[in-house]
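# Secondary and tertiary structure notes
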Amino acid sequence: MRRSQLLVFTTCYNERENIGRLIDQIIQNLPHADILVVDDNSPDGTWEIIQEKMATCPQVVGVKRPRKLGIGSAHKYALFYAMREGYKTLITMDADLSHDPKYLPELLSAHGPGVFVTGSRYCPGGSCDYKGYRNVISRLGNFAARLALNIKVKELTTYYRVFDVDSLRSLPLHRVHAAGYSYGVQLMYYLRHAGVEIREVPIHFTDRTRGASKIPRAQIVLSAVDLLNLAAKRLLIFRDLEPDTFVHDACSNCGDRVLAMKQRGSRDPKNITRTTEDSRAYQCTSVGNRSYPPVYTCLACGLEQVPESLMPERLELFYKDVVDDTYLLNIDARTHTFQRVFDRIEPYLPRKQHPRMLEVGAYCGLFLKEAERRGWSAHGVEPSTWAARYAREVSGVCVHEGPLSENLAKLDRKYDAVVSWDVLEHVRDPLGFLRECAGFLEAGGMFCFSTLDIDTWPPRLLGRRWPWLIDMHMYYFDRHVMKDMLARAGLELLRTESYTHYARLSYLITGAMRVLPQAIGRLLRPLTRLVPSGVLVPVALGDVKLYIARKTAN
Ligand SMILES: [Zn+2]
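We now turn to the structure provided with this report. (Residues numbered from 1 in each chain as written. Predicted model: local features only at pLDDT ≥ 70, side-chain atom pairs only at ≥ 80, totals over all residues. Heavy atoms only, no water.)

## Re the packing of helix α11 (residues 331-345) against helix α12 (residues 366-373)
Following both chains from N to C, one finds α11 and α12 inclined at 50 degrees, their axes separated by 9 Å at the closest point. The angle between α11 and α12 places the two elements in the oblique class. For the pair α11 and α12, the sense of crossing is right-handed. In contact with Ile331, Arg334, Thr335, Phe338, Gln339, Val341, Phe342 and Ile345 of α11, α12 contributes Leu366, Phe367, Glu370 and Ala371. By residue class, the composition of the contact of α11 with α12 is 8 nonpolar, 2 polar and 2 charged. (Axes fitted to C-alpha atoms, helices over the stretch in contact; angles between N-to-C directions. Helix = DSSP H or I, 4+ residues; strand = E, 2+ residues; numbered from the N terminus. Parallel < 35°, antiparallel > 145°, perpendicular 65-115°, else oblique. Left-handed = near helix turned anticlockwise from the far one by under 90°. Contact = heavy atoms within 4.5 Å. Nonpolar A, V, L, I, M, F, W, Y, C, P; charged D, E, K, R; others polar.)

## Some thoughts on the sheet that holds strand β17 (residues 441-452)
One open sheet accounts for 7 strands, arranged β15-β14-β13-β16-β17-β22-β19; its pairing is mixed. The open sheet terminates on both sides in strands that have one partner only, identified here as β15 (398-401) and β19 (491-498). Between one strand axis and the next, the sheet turns by 20 degrees as a mean value, whatever way the strands run. Here strand β13 (residues 356-360) pairs with strand β14 (residues 377-382) via 5 bridges, running parallel. By the bridge assignment, Arg356 is partnered in β14 with Ser377. (Pairing = 2+ DSSP bridges.)

## Section: the nonpolar core
Within the largest apolar cluster, 130 residues are counted, with the highest numbers of intra-cluster contacts made by Ile345 and Trp421. Per-element tally for this core: the top contributor is helix α3 (residues 71-85), with 8 residues. If we skip the residues at most four places from it in the chain, Trp421 touches Phe338, Val341, Ile345, Glu359, Phe367, Cys448, Phe449, Ser450, Tyr499 and Leu546. The next biggest cluster of nonpolar side chains, apart from the first, holds 30 residues, and it includes Leu6, Ile23, Leu104 and Val115. (Core = buried A, V, L, I, M, F, W, Y, C linked by side-chain atoms within 4.5 Å. Buried < 20%, exposed > 50% of the residue type's maximum accessible area, 1.4 Å probe, protein only.)

## Considerations on the pattern of salt bridges
In total, this model carries 31 salt bridges according to the counting rule given. Through salt bridges with shared partners, a single network forms among Arg340, Asp343, Glu346, Glu370, Arg373 and Arg374. (Salt bridge = Lys/Arg side-chain N within 4 Å of Asp/Glu carboxyl O.)

## Topic: the coordination of the zinc ion
Coordination of the zinc ion by the protein comes from Cys251 (SG), Cys254 (SG), Cys298 (SG) and Cys301 (SG), over a distance range of 2.3 Å. Coordination at the zinc ion is tetrahedral, judged from the 4 donor atoms that bind it and the angles of 102 to 115 degrees they form at the metal. One chain supplies every donor to the zinc ion, and in sequence these donors are spaced C-x2-C-x43-C-x2-C. By relative accessible area, which is 5% here, Cys251 ends up buried. (Donors = N, O, S within 2.8 Å, 3.2 Å for Na, K, Ca; no water. Tetrahedral: all angles 85-135°; square planar, octahedral: opposite > 155°, others 65-115°.)

## Structural notes on empty space enclosed by the protein
All told, the structure shown has 2 cavities of 30 Å³ or more when counted by the stated rule. Size it by volume and the largest cavity reaches roughly 40 Å³. Surrounding the largest cavity, Phe80, Met83, Arg84, Phe246, Val247, His248, Arg257, Val258 and Leu259 form its lining. When residues in the lining of the largest cavity are grouped by element, the largest group, 3 residues, is from α3. Considered class by class, the residues forming the lining of the largest cavity number 6 nonpolar, 1 polar and 2 charged. (1 Å grid on protein atoms, 1.4 Å probe; cavity = no way out; pocket = protein on both sides within 12 Å on 5 of 7 lines; lining within 4 Å. Points joined across faces, edges and corners; volume = space filled by probe spheres on them.)

## A closer look at unusual backbone geometry
Here the phi dihedral of Asn41 falls at roughly 60 degrees; this positive angle occurs in a residue that is not glycine. The topology assignment puts Asn41 in the loop between β2 (34-39) and α2 (46-56). We classify Asn41 as partly exposed; its relative accessible area is 31%.

In structure tokens:
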């Protein structure tokens, strides 16, 4: 809750020896400021000290993230937090006391509307404790950044900074990549590009006296690559420099309200739009429509998602109306996929007489048919009227139409296993969905499912051309977020592996033609006539994962 116009921010990982003293000294120097501290789940007891401070100092707000999401991401969190809460001024600083809080009043007095201030080791009057190798790297890094980006300031890499929060609102913050230490340089570049005045105030930079330095050497190389990338952009024509449009929706996993735009929706590049309202886009086989949903990253837990306010209002109705004859063209491959998936999960399933299974999102009933063949008593629910009817009348399995919540009376109270294939990324509330599924399990029962993993090479390499970046996918999980989310739902993750789809070779080539640029796609066309039509090939690129989890308790 905002008490002041001024916010001081710091982020820490294993700073038990420094964080308490830092907070005390900030309060001494700026008694009227609010203080935000982000802790990346430090194992050394840092969070406990932050909690003590929160209990005794009402101006301190602490945020504990479930894992180490990185310094750039934490700083980005602070920018969005300051904008959302309506602060006028934001000061950022390191938590290891290398930024002496005695400079805070001086930095603040150099600041004003439309002005950005950085504490500077290298402007006249500034100094730094670094010696030898670290001194050379730091000076070289600043020199290279100054040259590459044509910014006439001496200090680009320290995080001791004062921002006019209003000037942040005009920046394309989604262009500032938060993964590494070069985040600070990128941010300064976009500030200058937006016409913000940059001032330097000399500081003495103290080398940390307690705790260990945490900049890995590989980061120096990665930062150099980022710098070259930024320098190249400076010489090229910019695309997508529109400022971010802000949403304040709660994250579906952790409930925090700091969602940063990652990917604009593609319907109108000037504006964020809802995802499409066309039900054809919600077919299981609608890959290749080349329309992108607006994706935001939760900076508190890492979940990538379409914010609730940008989801189609009629999402559930679309799934009810889906008719998807293309799915049936590839039915032998899909049956084979489910047989192999069953082989993978079978060793984890309870061994008992008359085992019972529930499938949520059973579509045409192909998996349940396999489950029955292996001796399971199986039920399914499926929102699509067309698919549920196919499951009953052609596949010959028990599938009820509609969402889980409308079928409670028709289902058993408890099952030995619940499964759900490629469903979680489609639902409005995945945590609620997981809790609902867990509610149907006996303690010790198994929940097996598949979903997307965005933290893999295909999405990184293909970007917007990644075939699973499509309007009907509301969520883009990774393994770490998934583990966190399962724990919140009372499920313990036992195993994660790549999910293997099988497909006809000709089907894959046709799919690749839709995803690749047209000129390259056309080159593939002759192949579709050459390959034997019945050949099934496994596809396991890692971007879809199979998860096996166990219900921990009732
Ligand atoms: Zn979150």
